[in-house]
Amino acid sequence: MRVAMTYLRLPEAEGAGDPGTRARAVFGGGNWREKHPVLPVAGAWQALHYLLTGDPWDGPHPAADVVCGGRLLTEDGAEELGVDVIYLTAERVKLAADHLAATEFASISGRYDAERMAELGVQGADDWVGEPAEAIRDGELRVVYERLTRFFEAASAEGQAVFKAMG
């Protein structure tokens, strides 16, 4: 089973308490995708993380914050909300947005190697082995990267936090 990721941006709740409580209020309603600014990246999330950091899960900040970084709010599992939720403060969103704005896709696209990514367990990479890199890297992944860059720039400009839902 493949895991998909959707990004959601919300105003930073000054003094609003625990982001976990806020996540339960937002994601527990069921129709959060229709109520808030979202960006679905489907299964491309881990490939994007790999291109940004050179690692399937870890890597240097602020690059790692774009996909895998932040505070996991569903430590006890995603049963209650139906998704795992990762929270990124507005401050970290700004750092990630600045990093994305300064990092053209061409500068990270050289990391694309479907065989290596598949060996490392990057989700979806096994399907890309043998496919022309231009179709995946320069087509699908570049488009998602550019959308993600605009999403983070908008969130940063408005002082918003980002919630990442995986499920």
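Up top is the structure these notes are about.
A brief report on the enclosed structure follows.

Digging into the environment of Gly 167
Next up, step 1: Inspection of the secondary structure puts Gly 167 in the segment after β5 (160-166).
Next up, step 2: Considering only alpha carbons, one finds Gly 167 and Ala 4, 163 residues apart in sequence, at a separation of 5.6 Å.
Next up, step 3: Residues contacting Gly 167, with those up to four places away along its chain left out, are Val 3, Ala 4 and Val 83.

Quick word on the sheet that holds strand β3 (residues 71-72)
Next up, step 1: One open sheet holds the 5 strands; their spatial order is β2-β1-β5-β4-β3, and the pairing between them is antiparallel. Edge positions in the sheet fall to β2 (38-42) and β3, since each has one partner strand and no second.
Next up, step 2: One ladder, built from 5 bridges, connects strand β4 (residues 84-88) with β5; its direction is antiparallel. Within the sheet, the bridge partner assigned to Tyr 87 lies in β5 and is Phe 163.

What to know about the packing of helix α3 (residues 45-53) against helix α8 (residues 133-157)
Next up, step 1: For the pair α3 and α8, the least separation of the axes is 10 Å and the interaxial angle reads 80°. The angle between the axes of α3 and α8 places the two elements in the roughly perpendicular class. In contact with Ala 47, Leu 48, Leu 51 and Leu 52 of α3, α8 contributes Leu 141, Val 144, Tyr 145 and Leu 148.
Next up, step 2: Tallied by class, residues from the contact of α3 with α8 come to 8 nonpolar, no polar and no charged.

Here's the deal with the packing of aromatic side chains
Next up, step 1: One pass over the full model with this rule turns up 9 aromatic pairs.
Next up, step 2: With a centroid separation of 5.9 Å and 75° between ring planes, the pair formed by Tyr 7 and Phe 152 is classed as edge-to-face. Here the residue Tyr 7 occupies a position in strand β1 (residues 5-11), and Phe 152 occupies one in helix α8, the gap between them amounting to 145 residues. The same class applies to Tyr 7 and to Phe 152, which are both buried.
Next up, step 3: Aromatic ring contacts, followed pair by pair, group Phe 27, Trp 32, Tyr 87 and Phe 163 into a single cluster.

A look at the environment of Val 129
Next up, step 1: Within the element layout of this structure, Val 129 appears in the loop between α7 (125-128) and α8.
Next up, step 2: On a C-alpha basis, the gap between Val 129 and Met 117 in space is 9.2 Å, while along the polypeptide they are 12 residues apart.

Some words on the nonpolar core
Next up, step 1: By size, the foremost hydrophobic cluster in this structure holds 38 residues, and its most contacted members are Tyr 7, Trp 128, Leu 141 and Phe 152.
Next up, step 2: Here this core gets 8 residues from one element, more than from any other, and that element is α8.
Next up, step 3: Leave out the neighbours within four places in its chain, and Trp 128 touches Ala 47, Tyr 112, Ala 114, Met 117, Gln 123, Ile 136, Glu 140 and Leu 141.
Next up, step 4: Within the second largest apolar cluster, 14 residues are counted, among which are Leu 8, Leu 10, Trp 32 and Phe 163.

Focus: helix α1 (residues 19-27)
Next up, step 1: Of all the positions in α1, only Pro 19, Gly 20, Ala 23, Val 26 and Phe 27 are classed as buried. In an axial view of α1, the angular spread of the buried residues amounts to 125°, which keeps them on one side of the axis.
Next up, step 2: Those residues of α1 that are buried are in contact with β1, α2 (32-35), β3, β4 and β5.

Description of the pattern of salt bridges
Pairing between side chains becomes possible if they bear opposite charge and their charged atoms approach one another.
Next up, step 1: Per the counting criterion, the structure on display carries 9 salt bridges.
Next up, step 2: Residue Glu 158 pairs with Arg 9 through a salt bridge whose shortest N-O separation is 3.7 Å. Linking Glu 158 in the loop between α8 and β5 with Arg 9 in strand β1, this pair joins segments that are 149 residues apart in sequence.
Next up, step 3: Take Glu 158: its relative accessible area is 52%, and that puts it in the exposed class.
Next up, step 4: As a salt-bridge pair, Arg 92 and Asp 65 come within 2.6 Å of each other at their nearest N and O atoms. With Arg 92 in helix α4 (residues 90-102) and Asp 65 in the loop between α3 and β3, the pair connects residues that are 27 residues apart, well separated along the chain.

The rules we used
- As a convention, each chain's residues are numbered from 1 in the sequence order in which they are written.
- Where totals are concerned, whole chains, interfaces and linings use all residues; where local detail is concerned, this predicted model gives features only for residues with pLDDT of at least 70, and gives and counts side-chain atom pairs only at 80 or more.
- By convention in this description, side-chain values take in all heavy atoms of the structure and omit both hydrogens and water.
- Secondary structure elements follow DSSP: runs of H or I of four or more residues count as helices, runs of E of two or more count as strands, with numbering from the N terminus.
- Contacts are assigned to residue pairs that have any heavy atoms within 4.5 Å of one another.
- For two strands to count as paired, DSSP must find a minimum of two bridges between them.
- For helices, the axis comes from a line fit to the C-alpha atoms of the stretch in contact; other axes are also lines fit to C-alpha atoms, and the angle between any two N-to-C directions lies between 0 and 180 degrees.
- By the definition adopted for this analysis, an angle is roughly parallel if under 35 degrees, roughly antiparallel if over 145, roughly perpendicular if from 65 to 115, and oblique otherwise.
- For this scheme, ten residues count as nonpolar: Ala, Val, Leu, Ile, Met, Phe, Trp, Tyr, Cys and Pro. Four count as charged, namely Asp, Glu, Lys and Arg, and the remainder, Gly too, count as polar.
- Pairing of aromatic side chains here covers Phe, Tyr and the six-membered ring of Trp, requires ring centres within 6.5 Å, and sorts the geometry by plane angle: under 30 degrees stacked, over 60 edge-to-face, intermediate tilted.
- Exposure is judged per residue with a 1.4 Å probe applied to protein chains only, and the accessible area is read against the type maximum: over 50% gives exposed, under 20% gives buried, and values in between give partly exposed.
- Residues belong to a common nonpolar core when they are buried Ala, Val, Leu, Ile, Met, Phe, Trp, Tyr or Cys residues joined through side-chain atoms within 4.5 Å.
- Arc, as used here, means the arc of the directions from the helix axis to the C-beta atoms.
- What makes a salt bridge here is a side-chain nitrogen of Lys or Arg within 4 Å of a carboxyl oxygen of Asp or Glu, nothing more.

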